[in-house]
Amino acid sequence: MIQKLLDVENLTMKFGGLVAIDNLSFSADKDKITSIIGPNGAGKTTVFNCLTGFYKATAGSMFLNKENERLNLRKFSDFKVAQKAGVARTFQNIRLFPQMSVLENLMVAQHNKLMDASGFTILGLFNSPSFVKKEKEAVEISKYWLDIIGLTHRADDDAGDLPYGDQRKLEIVRAMCINPYLLCLDEPAAGLNAKESAELNKLLLFIKNEKKTGILLIEHDMSVVMEISDHVVVLNYGKKIFQGSAKETKSSPEVIEAYLGTEE
Amino acid sequence: MGKKFFQTSIKDSLFTGLIALALFGPIVGLRTVAKNEVLEVHPKWFIVLIIVIVCTVGRFLTNLYVYNRDQKTGIQSSIGKSISNFLDTKGYQIALTAIIFSVIFPFLPFTDRYLMDIAIMMLTYIMLGWGLNIVIGLAGLLDLGYVAFYAVGAYSYALFAIHFGWSFWICLPIAGIFAAMFGVLLGFPVLRLRGDYLAIVTLAFGEMIRILLLNWYQLTKGPDGLTGIPRPSFFGLPFKSFPDEGEQTFHTFFGVEYDPMQRIIFLYYLILVLALITNLFTIKIRRLPIGRAWEALREDEIACKSLGVNPRNTKLTAFAIGAMFGGFAGSFFATRQAFISPESFTFIESAIIVAIVVLGGMGSQTGVVLATVFLIGLIEVFRDFESYRMIAFGGAMVLIMIFRPRGILATRKPTITLEKSSSK
């Protein structure tokens, strides 16, 4: 049996009496794009927050299958999910470091690697050659990603000064700079115009095909979802009501009902 | 500029005059004097009149020339703009000039004992400002109890030097380590706090340390303070006018006349070197991963977590390193004064240091220097007018905030640039 990259089993998240996610199970493939859609308040972002350690799930398990190990993401607390397990995410409202330069944003993403190389700062203070080399490599990686999103010429400008669409793309490549196995994108197309959405699709397909990174996508923009998703999971009130390919989703009566209501 | 504008300006300035009268009338005008055990009121209406006239006319003039938008291109704003421009672009040159000036300062013809004392005090504040800049400017943690680390450094230096007789160069790092430990001690409980809440807790921490020093009589001698802290020596050569039998002192060793200024000049260079070390260290560490993580943490903690940056370690190192430099400055303070008591470590000291960092422009090293020279210099200039000192201090802050709302030097340079690293 080919293992899935991510196996979510019976995930439940309760806030007091409110059940935000109810016994949710789904899986995501390596080098596939899995979309999570659903009406507002369906619990999509909560799923992300559980996966990336911002919330501690009430019950259930989330397994990340790497080449030779199987990690339960529930065992990692906040920053360790990114550091140890290699799960990166972006946010619904962009969270860049607005007063730091574009390049610095990408360098912060490579913090743990560079921190080790700097010998917990002591080697770095004396410019040890191994640290200088690592830092150069990190700059090269940043440059590689900037070339891909076409922002190399603005590398030294403040991230907060970029146009909105570029900030979205920058946040995605910043997440890619931690070299993740799974990339969780929370509404990356929100607020983008048609041209920017098309560019975003291209970027996501590139990450999927070239980097072989699994992508988990929350999105309201159906043009994005339908065009690039390999697999769609539909949530409503914290429950999975449908899963299948993009085409099947479009014609599913349950999904239409959840979005538009039933005819009386 | 129409007639109507003129009328409103006059109305506005008359109103200002009324407010000035209401404020200054009772405060300045009615002075009570104790005479034969009876309080007598000595009215001083003339001074009140002058103040009211100054306020009215001043308001009228500012209305005409500053707040009049048609004239915004006038001389005043162009001067302001060119100063701003100068500060924004010439930060590096200002820094270089300042360093050269401070190196030759003790040997300038007009330099006397009084100026040297002020310079040493300013450098102490600059060093504290640079230390606190790591915590506030880089890591964005508003620490209102910074003086606690200054106190810990001073007391640990004093206690080690008095009881064990260790020299300055041994006690200095020990004091730094002690202060850093207290930094971590403060850091742990406040890891989850931000902004106002953090400010309150750090404020309380600063007071706790002061009260501890005040009440732990066996160790700190409480309000009496510690006396007889050894003076620093020039690499083992003490500064003494009458050396003991067979003892080498600074002036006998170098074969010069004894002059009390020698010790002052030595202290001056000592604090200059300590401050510059603080500065170099901060400039360097800002470009290392930990420095970038501090700034990232200031910008967005949640994003940091999502990128796998450990916020706990990052914050604790900021607290520890900032505190360490506070401790160094504290040991210098102890050895310079030869006497320390809890009174030197009150909240107002913390407030001044925070003001220096904020007014200088958060995170700007040169800004700290400019703000210190401006604020401390102003306090000194007004030393003779005792009761107006704090007014001048407050006024200076208000002025800086009006003309440079983000601090004197607010421009931030990226810690790494693509052009530079790819051209190498």
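Each chain has its residues counted from 1, running along the sequence as written. A letter from A marks each chain and a number from 1 marks each ligand, given out in the order of writing. Per-residue local features of the predicted model are confined to residues with pLDDT of at least 70, and side-chain atom pairs are confined, for both listing and counting, to 80 or more; whole-chain, interface and lining totals are unaffected and use all residues.

**A look at the overall build of chain B**
Okay, so step 1: Helix numbering and strand numbering both begin at the N terminus, where a helix is a DSSP run of H or I of at least 4 residues and a strand a DSSP run of E of at least 2. Helix and strand counts for chain B come out as 18 helices and four strands.
Okay, so step 2: Considered along the principal axes of its C-alpha atoms, chain B spans approximately 80 × 75 × 45 Å.
Okay, so step 3: Counting the 424 residues in chain B, one finds 36% classified as buried.
Okay, so step 4: In this description, any two residues whose backbone-derived C-beta atoms lie within 7 Å of each other are considered to be in contact. The contacts in chain B between residues at least 6 apart in sequence include a share of 74% that link residues at least 24 apart. Whether a residue is buried, exposed or partly exposed is read from the other C-beta atoms within 10 Å of its own C-beta, which are placed from the backbone; 20 or more gives buried, 12 or fewer gives exposed, and intermediate counts give partly exposed.

**Quick look at the environment of A154 of chain B**
Residue and element names in this part refer to chain B.
Okay, so step 1: Relative to the helices and strands, A154 resides in helix 6 (residues 147–164).
Okay, so step 2: A tally of 31 C-beta atoms within 10 Å means that A154 is categorised as buried.
Okay, so step 3: In this structure the C-alpha to C-alpha distance between A154 and T346, which are 192 residues apart in sequence, comes to 14 Å.
Okay, so step 4: Setting aside chain neighbours within four positions, we find A154 in contact with G330, S331, F333, A334 and I340.

**Description of the interface of chain B and chain A**
Okay, so step 1: Facing 28 residues of chain B, the contacting portion of chain A comprises 32 residues.
Okay, so step 2: Here the side of chain B that touches chain A gets seven residues from one element, more than from any other, and that element is helix 12 (residues 289–299) of chain B.
Okay, so step 3: Nonpolar residues are Ala, Val, Leu, Ile, Met, Phe, Trp, Tyr, Cys and Pro. Charged residues are Asp, Glu, Lys and Arg, and all others, Gly as well, are polar. Of the residues assigned to the side of chain B that touches chain A, the class counts are 14 nonpolar, six polar and eight charged.

**Section: the packing of helix 12 of chain B against helix 14 (residues 311–337) of chain B**
All names here are of chain B.
Okay, so step 1: The axes are straight lines fitted to the C-alpha atoms, using for helices just the contacting stretch, and the angles between their N-to-C directions are given from 0 to 180°. Look at helix 12 against helix 14: their axes get within 10 Å of each other, and the N-to-C directions meet at 105°. In terms of orientation, helix 12 and helix 14 fall into the roughly perpendicular class. The residues of helix 14 that touch helix 12, namely those facing I290, A293, W294 and L297, are P311, T314, K315, T317 and A318.
Okay, so step 2: In the contact of helix 12 with helix 14, the residues fall into six nonpolar, two polar and one charged. Note on terminology: angles under 35 degrees are roughly parallel, angles over 145 are roughly antiparallel, angles of 65 to 115 are roughly perpendicular, and the others are oblique.

**Looking at helix 5 (residues 113–138) of chain B**
Residue and element names in this part refer to chain B.
Okay, so step 1: What a helix should span is 1.5 Å times the count of its residues minus one. Its 26 residues place the ends of helix 5 36 Å apart at the C-alpha level, agreeing with the 38 Å of an ideal helix rising 1.5 Å per residue.
Okay, so step 2: Most pronounced at L132, the bend in helix 5 amounts to some 45°.
Okay, so step 3: Burial within helix 5 is extensive, with 19 of its 26 residues counted as buried.
Okay, so step 4: Positioned one or two residues after helix 5, G140 has a phi angle of 70°, which is positive. Throughout, the bend at a residue refers to the angle made by two axes, fitted to the seven residues ending there and to the seven starting there.

**Observations regarding the nonpolar core**
Okay, so step 1: Nonpolar cores are identified as sets of buried Ala, Val, Leu, Ile, Met, Phe, Trp, Tyr and Cys residues joined via C-beta atoms within 7 Å. Of all hydrophobic cores here, the largest spans 168 residues; its most connected members are V87 of chain A together with Y150 and A151 of chain B.
Okay, so step 2: Not counting residues up to four positions away in its chain, the partners in contact with Y150 of chain B are L128, G326, A329, G330, F333 and F345 of chain B.

**Describing helix 7 (residues 168–187) of chain B**
All names here are of chain B.
Okay, so step 1: Over its 20 residues, helix 7 runs 28 Å from end to end, which matches the ideal 28 Å to within 8%, given 1.5 Å per residue.
Okay, so step 2: The set of residues buried in helix 7 consists of C171, L172, A175, G176, F178, A179, A180, F182, G183, L186 and G187.
Okay, so step 3: Here the buried face of helix 7 lies against helix 6, helix 8 (195–215) and helix 14.

**Some details on the domain arrangement of chain B**
Okay, so step 1: Residue ranges labeled as domains rest on an automatic or database domain assignment. The domains assigned to chain B are domain 1 (3–72) and domain 2 (108–232 + 273–420).
Okay, so step 2: Taking the mean C-alpha position of each, domain 1 of chain B and domain 2 of chain B sit 39 Å from one another.

**Points about the sheet that holds strand 1 (residues 6–15) of chain A**
Where strands meet in a sheet, backbone hydrogen bonds hold them as pairs that are either parallel or antiparallel.
Residue and element names in this part refer to chain A.
Okay, so step 1: When DSSP finds two or more bridges between two strands, those strands count as paired. Pairing is antiparallel in the open sheet, where four strands are placed in the order 2-1-4-5. Of all strands in the sheet, those bounded by a partner on one side alone are strand 2 (18–28) and strand 5 (70–72). Across the sheet, the mean angle separating the axes of adjacent strands is 25° when strand polarity is ignored.
Okay, so step 2: As judged from the five bridges shared by strand 1 and strand 4 (residues 59–65), these two strands associate in the antiparallel manner. Considered in strand 4, the bridge of E9 is made with S61.
Okay, so step 3: Taken strand by strand, helix 1 (residues 44–51) contacts strand 1, strand 2 and strand 4, and its axis lies near 70° from that of strand 2.

**Observations regarding the pairing of strand 10 (residues 239–244) of chain A**
Residue and element names in this part refer to chain A.
Okay, so step 1: Examined bridge by bridge, strand 9 (residues 231–236) and strand 10 share five bridges and lie antiparallel to one another. Opposite V234, over in strand 10, you have F242 as the bridge partner.
Okay, so step 2: Between strand 9 and strand 10, which pair antiparallel and follow one another directly, the connecting turn spans two residues, one of which, Y237, has a positive phi of 50°.

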